[in-house]
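Next come the chains, spelled out residue by residue.
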Amino acid sequence: MDDFKNFMTKYWGALFGGIIALIIACTDMYRLVIGIVLVVIGIWAGNYFQHNKDKVKAKLRNIIDKM
């Protein structure tokens, strides 16, 4: 019984994550999760581009010049 308790205390996060992932996969909620992740990435990229406009322009110019 102590071995089971040690196992659960050590790996409960992984087991919980696996169960949640299985529920999401079985209920087709992965489409919603992918959509939310894409929106968050878009928000982050827009914020980064806004605050680092000069760096982004310089990097794009370098990439275009190499082509």
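Above this text sits the structure in question.
Along each chain, numbering runs from 1 in the same order as the chain's sequence is written. Reporting of local features is limited, given that this is a predicted model, to residues whose pLDDT is at least 70; pairs of side-chain atoms are given and counted only at 80 or more, and all residues count toward the totals for whole chains, interfaces and linings. In computing side-chain values, all of the structure's heavy atoms are included and hydrogens and water are not.

## Comments concerning the overall build of the protein chain
Here's step 1: The helix and strand labels rest on DSSP assignments: H or I over at least four residues marks a helix, E over at least two residues marks a strand, and numbering proceeds from the N terminus. Counting its regular elements, the protein chain contains 3 helices and 0 strands.
Here's step 2: In the protein chain, the succession of helices and strands from N to C terminus is α-α-α.
Here's step 3: The C-alpha atoms of the protein chain give a radius of gyration of 21 Å, which is well past the 11 Å a tight globule of 67 residues would have.
Here's step 4: Referenced to the eigenvectors of the C-alpha coordinate spread, the extents of the protein chain come out at roughly 65 × 30 × 25 Å.
Here's step 5: Exposure was quantified through the Shrake-Rupley algorithm and a 1.4 Å probe, taking into account, for residues, occlusion by the shown protein chains and nothing else. Of the accessible surface of the protein chain, which amounts to about 6,400 Å², a share of 70% is contributed by carbon and sulfur atoms.
Here's step 6: Charge assignment: positive for Lys and Arg, negative for Asp and Glu; neither His nor the chain ends contribute. A charge is said to be at NZ when it belongs to Lys, at CZ for Arg, at CG for Asp and at CD for Glu. Considering the protein chain, the positive charge centre built from 9 side chains and the negative charge centre built from 5 side chains are found 13 Å apart. Based on C-alpha atoms, the radius of gyration is set beside the globule rule, defined as 2.2 Å times the residue count to the power 0.38.

## Some thoughts on the packing of helix α2 (residues 30–51) against helix α3 (residues 53–66)
For any two helices packed against each other, the geometry is given by the interaxial angle and the distance between the axes.
Here's step 1: To obtain each axis, a line is fitted to C-alpha atoms, and for helices this fit is confined to the stretch in contact; angles are then taken between N-to-C directions over 0 to 180 degrees. In contact at an axis separation of 5 Å, α2 and α3 are set at 95° when each is read in the N-to-C sense. One element, α2, and the other, α3, form an angle in the roughly perpendicular class. Touching Y48, F49, Q50 and H51 of α2 are K53, V56 and K59, all from α3.
Here's step 2: Side-chain classes follow a simple rule in which Ala, Val, Leu, Ile, Met, Phe, Trp, Tyr, Cys and Pro form the nonpolar group, Asp, Glu, Lys and Arg form the charged group, and the remainder, Gly included, forms the polar group. Here the residues of the contact of α2 with α3 sort into 3 nonpolar, 2 polar and 2 charged. Reported orientations rely on four angle classes, namely roughly parallel under 35 degrees, roughly antiparallel over 145, roughly perpendicular from 65 to 115, and oblique for the rest. What makes two residues a contact is simply this: any of their non-hydrogen atoms within 4.5 Å.

From the geometry alone we can't say anything about function, so treat these as descriptive.
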